[in-house]
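Structural description and commentary
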Amino acid sequence: MSAPSVEVRVQLELLAKQGRITPCERITQLNPWGIFVFGSNLAGRHGKGAAKDAVTFFDAEHGKGVGLVGQSYALPTKDDNLKPLPLAEIQRHVDTLLDLAASDPDHQYVVTRVGCGLAGYTPTDIAGLFFSWGELPVNVCLPEEFWRVKLESGAEVDGRVKNKVDQLEVAPLDFGDGDILDINHYLSSEYDDVSVAN
């Protein structure tokens, strides 16, 4: 992915402050109310990647390839034979997860890059599955790459983020060499690019 625009960076920063972005470093512990959502296979063979971490750190069980176990949630992206599931089938599993999250506001669902590792899909393929559900429950965290797909498409994340971006006022950046970047000037809708001017 290329560098995000200023508006996308601002929206990502707001999402991070709201706790809506999954940490990009390896996750080995969560708060007691956190649920580690990992890409799994229907056979429940959790031997690699985030699935292995789910067993090691969050009580996932071998043989259980779908749903909530301990402090983990297995979201299938591969079949019993470890072949990638069709996106339409993954969509059903994403919908089930989001239905659960919406009905369970006491837990935070921390979604890893499901489907983007061993299953071979891209963030663009998978992000759309989450955002097609509707307004994402506020207790669901997604990887930054998923949010970027949504934001770079020009779609609003939700009204709360858009309103904060509209109200945002950022101090001009002085690069010390006479170059000053006034981000507020470029956050208006009449500008698509950000450039530095003397």
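Read on for an overview of the structure. What you see is a predicted model, and the numbers here were worked out from it, not measured in a lab.

1. Some points on the overall build of the protein chain
- When helices and strands are counted, the protein chain shows seven helices and seven strands.
- The order of α-helices and β-strands along the protein chain, N terminus first, is α-β-α-β-β-α-β-α-β-α-α-β-β-α.
- The buried share of the protein chain, reckoned over its 198 residues, is 41%.
- Long-range pairs, those at least 24 residues apart, make up 60% of the contacts in the protein chain between residues at least 6 apart in sequence.

2. Here's the deal with the nonpolar core
- In this structure, F130 and L142 are the most contacted members of the largest nonpolar core, which totals 32 residues.
- If near-sequence neighbours (up to four positions away) are discounted, L142 is found in contact with R20, I21, T22, V111, F130, F131, L136 and W147.
- Core analysis: the second largest hydrophobic core is formed by ten residues, I27, F36, A51 and F58 among them.

3. Examining the pairing of strand β1 (residues 34–41)
- Of all eight residues in β1, seven are buried; the element is thus mostly enclosed.
- Note: β1 against strand β4 (residues 108–111), four bridges, orientation parallel. The residue bridging G34 from the neighbouring strand is Q108, located in β4.
- Alignment of β1 against strand β3 (residues 72–78), held across six bridges, turns out to be parallel. For G39, the partnering residue across the bridge sits in β3 and is L75.

4. A look at unusual backbone geometry
- If you check the backbone angles, D59 has positive phi at about 70° while not being a glycine.
- Within the element layout of this structure, D59 appears in the loop between α2 (49–58) and β2 (67–69).
- For D59, a relative accessible area of 48% translates into the label partly exposed.
- A positive phi angle is found at L82, which is not glycine, with a value near 65°.
- With respect to the helices and strands, L82 occurs in the loop between β3 and α3 (87–103).

Reading the values: the criteria
Residues numbered from 1 in each chain as written. Predicted model: local features only at pLDDT ≥ 70, side-chain atom pairs only at ≥ 80, totals over all residues. Heavy atoms only, no water. Helix = DSSP H or I, 4+ residues; strand = E, 2+ residues; numbered from the N terminus. Buried < 20%, exposed > 50% of the residue type's maximum accessible area, 1.4 Å probe, protein only. Contact = heavy atoms within 4.5 Å. Core = buried A, V, L, I, M, F, W, Y, C linked by side-chain atoms within 4.5 Å. Pairing = 2+ DSSP bridges.

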